[in-house]
Amino acid sequence: MALNWTGRMVHEAVSFVVFSFLDLLDFVLCFVYKLLDFLIEAEWKPCYCTSPKDSKIFLSERGESRIVSLASTKLDLEEVSDTLFSRPSLVSEVSKLTAVTEDVSFTVNSATVVKMLQGKIGGGGGDRIRHSPRWSDCDCRFCTSWSFSGTEDLFVRVQGSKDHNRAREDVLFIHGFISSSSFWTETLFPNFSATTKSTHRMFAVDLLGFGRSSKPSDSLYTVREHLETIERSVLAPHKVRSFHIVAHSLGCILALALAVRHPDAVKSITLLAPPYFPVPEGVPATQYVMRKLAPRRVWPTIAFGASMACWYEHISRTICLLICKQHRIWEFLAKLVTRNRVPTFLLEGFFCHTHNAAWHTLHNIICGTGGKLDGYLDDVRDRLRCHVNVFHGGDDELIPVECSFNVQRRVPRARVKVVDGKDHITIVVGRQRAFARELEQIWRRASSSLS
């Protein structure tokens, strides 16, 4: 008992020191990037740590007005998470004690606020840079292939029957954070039975901002934007009328939101490691979820990585600069050191995204839906007839197993399976053949029960 207590105290102390240093480092990098952006791109780039301290906006929409604050503990905009602006740190706490600010108020509508956040007002650069990668993002042909098509649709990989009139079933696969469609196409797709391949159309998308999909520099990567690009890139052009959904991690949130938008079309929902943290009453939902997902701790390693990605806008941009922009070098070194034992599709998913896409998707999807997931799950429970299945790795250190049982508590008909010895990635990778058989069984059972 005393040894455990001592270990926890040491961990707390080390974490405090490390993250206090990172708070200061991110503060310094803010000014470094402003200078570099100006020197390289000839304009100042707005960032979330330098928004007006106490500027209040009288937001006018549908004949009603309400007050929001860009730097308050709650930014009352449905699609934008306040965690983009409000992330308590050593620097922010000190600045609150020392800063003298003036209360500034002005009136706009919600569309104007969104444009401000996109950088179109106040020196953001507007449409001129929409299709151009920032100097700190990768500009290789693979990462920018979407810009040559002239559209902002998603990259979609399709397997199975090509004729939508002959295919009996359609399945949509949604990957998780900093991943790509290859997470499914390189694991599950080759392992489906010949019968499934002949009777099912399977669609695996690269989400907006990831893989080979479009990466608009002025997008806020909100739930609405992600869903609309899926509908525009998959459901509409391929004439998908009803479908099963399979989603991993962050993709589970989009899967639930999509199911709620199409309640009569969804036949089954399969979630892997859903990041569902029920928020206690009276607690700010976005901040609560951010602290659960990214607890500002140095151990375990995956929690430290999540904390770096979630809390530090400029440190995470530096990571993208050093890793994502140089991904071809890192891929070569990884293959050389591991002698090609590391699956290349995992590297592709990890490297091929922009900082803008990763930063906004993390905050606006995972943190920003902290107060909405209860509603999504209630709709799935009350309005949808589809089967719900949840899988979770017993050794998952990023998303605790309790999250899957939280889903089951909200949707009692959900079936939860915990796979011992598997983590956030190996819940699929390494057991793809077994999981392919499980999915085929889920789809057969769901289709027979709805027929």
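Residues numbered from 1 in each chain as written. Predicted model: local features only at pLDDT ≥ 70, side-chain atom pairs only at ≥ 80, totals over all residues. Heavy atoms only, no water.

- Going by what an unreviewed UniProt entry lists, the protein is known as AB hydrolase-1 domain-containing protein and is assigned to Linum trigynum.

1. Here we look at the overall build of the protein
- Along the backbone of the protein there are 16 helices and 10 strands.
- Per-residue burial for the protein yields a buried fraction of 52% across its 451 residues.
- Partitioning the contacts of the protein with sequence separation of at least 6, the portion at a separation of at least 24 is 77%. (Helix = DSSP H or I, 4+ residues; strand = E, 2+ residues; numbered from the N terminus. Buried < 20%, exposed > 50% of the residue type's maximum accessible area, 1.4 Å probe, protein only. Contact = heavy atoms within 4.5 Å.)

2. With respect to the nonpolar core
- Counting 69 residues, the largest nonpolar core has Leu172, Ile174 and Phe243 as its most contacted members.
- No other element matches the 10 residues that helix α7 (residues 250-261) contributes to this core.
- Not counting residues up to four positions away in its chain, the partners in contact with Leu172 are Phe203, Val205, Ile230, Val234, Phe243, His244, Ile245, Val246 and Leu258.
- In terms of nonpolar packing, the next biggest core, distinct from the first, is built from 22 residues, Val171, Ala204, Phe345 and Ile442 among them. (Core = buried A, V, L, I, M, F, W, Y, C linked by side-chain atoms within 4.5 Å.)

3. With respect to the sheet that holds strand β10 (residues 415-419)
- Ordered in space as β4-β6-β5-β7-β8-β9-β10, the seven strands form an open sheet in which the pairing is mixed. Each edge of the open sheet is held by one strand with a lone partner, namely β4 (155-160) and β10. For this sheet the average axis-to-axis angle between neighbouring strands, irrespective of direction, equals 15 degrees.
- Pairing geometry for β4 and strand β6 (residues 200-206), over six bridges, is antiparallel. Note on β6: the bridge partner recorded for Val156 is Val205. (Pairing = 2+ DSSP bridges. Axes fitted to C-alpha atoms, helices over the stretch in contact; angles between N-to-C directions.)

4. Let's talk about the UniProt feature "transmembrane region" (unreviewed entry) in the protein
- Within the UniProt annotation, "transmembrane region" (unreviewed entry) is assigned to residues 13-36.
- Counting secondary structure, residues 13-36 comes out at 100% helix and 0% strand; the distance between its end C-alpha atoms is 34 Å. (UniProt positions renumbered as here; feature names shortened; annotations may be inferred.)

5. Quick word on a negative patch on the surface
- Together, Asp395, Glu397, Asp420 and Asp423 make up a region of like negative charge exposed at the surface.
- We classify Glu397 as exposed; its relative accessible area is 53%. (Patch = residues over 30% accessible without salt bridge, like charges linked within 9 Å, V, L, I, M, F, W, Y side chains within 5 Å. Areas by Shrake-Rupley, 256 points an atom, 1.4 Å probe, with all protein chains shown as cover. Salt bridge = Lys/Arg side-chain N within 4 Å of Asp/Glu carboxyl O. Lys, Arg positive; Asp, Glu negative; His and termini not counted. Charge placed at Lys NZ, Arg CZ, Asp CG, Glu CD.)

6. Thoughts on the packing of aromatic side chains
- In this structure the tally under the stated criterion is 15 aromatic pairs.
- Between Phe177 and Phe210, the aromatic rings sit 6.2 Å apart at their centres with planes inclined by 70 degrees, giving edge-to-face as the arrangement. In this pair, Phe177 is assigned in the loop between β5 (169-174) and α4 (182-185) and Phe210 in the loop between β6 and α6 (223-235), connecting sequence segments 33 residues apart.
- In this structure Phe210 comes out as buried when scored by relative accessible area, which is 1%.
- If you follow Arg296 out to its NZ or CZ, it ends over the ring of Trp311, 4.8 Å from the centre. (Phe/Tyr/Trp six-rings, centres within 6.5 Å; stacked < 30°, edge-to-face > 60°. Lys NZ or Arg CZ within 6 Å of the ring centre and 35° of its normal.)

7. Looking at helix α15 (residues 402-410)
- Turning to α15, its buried residues are Cys403, Ser404, Asn406 and Val407. On an axial view of α15, the arc spanned by its buried residues comes to 155 degrees, and they lie on one face.
- For α15, the elements touching its buried residues are α14 (373-382), β9 (387-393) and β10. (Arc of directions from axis to C-beta.)

8. Details of the side chain of Thr222
- Locating Thr222 in the fold gives a position in the loop between β6 and α6.
- Relative accessible area serves as the criterion here: at 2%, Thr222 is assigned to the buried category.

9. Digging into the pairing of β5
- With six of six residues buried, β5 lies mostly within the body of the structure.
- Examined bridge by bridge, β5 and β6 share six bridges and lie parallel to one another. The residue bridging Phe173 from the neighbouring strand is Ala204, located in β6.
- Where β5 meets strand β7 (residues 243-248), four bridges bridge the pair, whose relative direction is parallel. Residue pairing across strands places Val171 opposite His244, the latter belonging to β7.

10. Observations regarding the environment of Cys386
- Tracing the backbone through its elements, the reader meets Cys386 in the loop between α14 and β9.
- The class for Cys386 is buried, based on a relative accessible area of 1%.
- The sequence separation of Cys386 and Ser268 amounts to 118 residues, and the corresponding C-alpha distance is 4.8 Å.
- Excluding its chain neighbours within four sequence positions, the residues that come into contact with Cys386 are Val266, Lys267, Ser268, Ile269 and Arg413.

11. Some words on the packing of helix α9 (residues 301-311) against helix α13 (residues 355-367)
- Between α9 and α13, the least distance of the axes is 9 Å, while the angle of their chain directions is 100 degrees. With respect to α13, the axis of α9 lies roughly perpendicular. Together, Ala309, Cys310 and Trp311 of α9 and Trp359, Leu362, His363 and Cys367 of α13 make up the contact between the two elements.
- Taken together, the residues of the contact of α9 with α13 sort by class into six nonpolar, one polar and no charged. (Parallel < 35°, antiparallel > 145°, perpendicular 65-115°, else oblique. Nonpolar A, V, L, I, M, F, W, Y, C, P; charged D, E, K, R; others polar.)

12. Structural notes on the pattern of salt bridges
- Enumeration over the complete set of coordinates arrives at 18 salt bridges.
- In this structure, the salt-bridge partner of Glu228 is Arg224, at a minimum N-O distance of 3.5 Å. With Glu228 and Arg224 both in helix α6 and four residues apart, this pair spans about one turn of that helix.
- Look at Glu228 and you get partly exposed, because its relative accessible area is 31%.

13. Let's talk about α6
- Of all 13 residues in α6, 10 are buried, a share of seventy percent or more.
- Regarding α6, the residues found buried are Val223, Glu225, His226, Leu227, Thr229, Ile230, Glu231, Ser233, Val234 and Leu235.

14. Examining the pairing of β6
- In terms of residue burial, β6 counts as a mostly covered element, since seven of its seven residues are buried.
- A two-sided burial pattern is seen for β6, the buried positions comprising His200, Met202, Ala204 and Asp206 on one face and Arg201, Phe203 and Val205 on the other.

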